[in-house]
Amino acid sequence: QVHLVESGGGLVRPGGSLRLSCAASGNTHGIYMMGWYRQAPGKERELVADIRTSGTKTFADSVKDRFTISREDGEYTVFLQMNSLQPEDTAVYYCNVRQWSSADYSYWGQGTQVTVSS
């Protein structure tokens, strides 16, 4: 079992910044990917960014030039630095962790609200 604790969400004005954190604990052996998804009301959940143990990063086109993802390997903590936030970024952001342990497993955080509004 992997347990996820998310933090960093909140209300920010357009053009502002937020940093999301997600810390994984428990049976962290075999974790190969950590990342963030988001879901706005009435829309599908979409990948925002993720990072693999190799360091390879993936970003959604809509955030590629504004967001940065990093990982603390020793503590299995992932950070999403969000800059130049826009109202369209408003959503619930979910931490996602993928683990290989005889089979592939996926874990989700409870979600943290990010609201971009003037």
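Refer to the structure printed above.
Predicted model, so just to flag it, every value in this text is computed and none were measured.

## A look at the overall build of the protein
Right, so step 1: Counting its regular elements, the protein contains zero helices and 11 strands.
Right, so step 2: What you see in the protein, going N to C, is helices and strands ordered as β-β-β-β-β-β-β-β-β-β-β.
Right, so step 3: Expressed as a percentage of its 118 residues, the buried residues of the protein come to 40%.
Right, so step 4: In the protein, once contacts between residues fewer than 6 apart in sequence are set aside, the share between residues at least 24 apart is 54%.
Right, so step 5: Carbon and sulfur atoms provide 45% of the accessible area of the protein, an area that totals close to 6400 Å².
Right, so step 6: Mean positive and mean negative side-chain charge positions of the protein (11 and 12 charges, respectively) differ by 2 Å.

## Digging into the packing of aromatic side chains
Right, so step 1: According to the stated counting rule, one finds one aromatic pair in the structure shown.
Right, so step 2: Ring geometry for Tyr37 against Trp108: centres 5.0 Å apart, planes inclined by 65°, an arrangement best described as edge-to-face. Here Trp108 lies in strand E10 (residues 104–108) and Tyr37 lies in strand E4 (residues 31–39), a separation of 71 residues in the sequence.
Right, so step 3: Residue class for Tyr37 comes out buried when judged on its relative accessible area of 15%.
Right, so step 4: For Trp108, a relative accessible area of 37% puts it in the partly exposed group.
Right, so step 5: In this structure, Arg45 packs its charged tip against the face of Tyr94, placed 3.8 Å from the ring centre.

## So, the pairing of E4
For a regular strand, side-chain orientation follows a simple rule: the groups alternate between the two sheet faces.
Right, so step 1: In terms of burial, E4 is a largely internal element, seven of the nine residues being buried.
Right, so step 2: Across eight bridges, the pairing between E4 and strand E9 (residues 91–100) is antiparallel. Paired with Arg38 across the strands is Tyr93, a residue of E9.
Right, so step 3: The pairing of E4 with strand E5 (residues 46–52) spans six bridges and is antiparallel. In the strand pairing of E5, Tyr37 is matched with Leu47.
Right, so step 4: Connecting E4 to the next strand, E5, in antiparallel fashion are six residues, including Gly42 with a positive phi near 80°.

## Observations regarding the side chain of Gln99
Right, so step 1: Along the chain, Gln99 turns up in strand E9.
Right, so step 2: Side chain to side chain, Gln99 and Tyr107 meet in a polar contact 3.2 Å long.
Right, so step 3: Once residues within four sequence positions are removed from consideration, Gln99 is found in contact with Val2, Asn27, Thr28, His29, Gly30, Ile31, Tyr32, Asp104, Tyr105 and Tyr107.

Calculation criteria
Residues numbered from 1 in each chain as written. Predicted model: local features only at pLDDT ≥ 70, side-chain atom pairs only at ≥ 80, totals over all residues. Heavy atoms only, no water. Helix = DSSP H or I, 4+ residues; strand = E, 2+ residues; numbered from the N terminus. Buried < 20%, exposed > 50% of the residue type's maximum accessible area, 1.4 Å probe, protein only. Contact = heavy atoms within 4.5 Å. Areas by Shrake-Rupley, 256 points an atom, 1.4 Å probe, with all protein chains shown as cover. Lys, Arg positive; Asp, Glu negative; His and termini not counted. Charge placed at Lys NZ, Arg CZ, Asp CG, Glu CD. Phe/Tyr/Trp six-rings, centres within 6.5 Å; stacked < 30°, edge-to-face > 60°. Lys NZ or Arg CZ within 6 Å of the ring centre and 35° of its normal. Pairing = 2+ DSSP bridges. Polar contact = N/O pair within 3.5 Å; in protein donor to acceptor, adjacent residues only side chain to side chain.

By themselves these figures say nothing about function.
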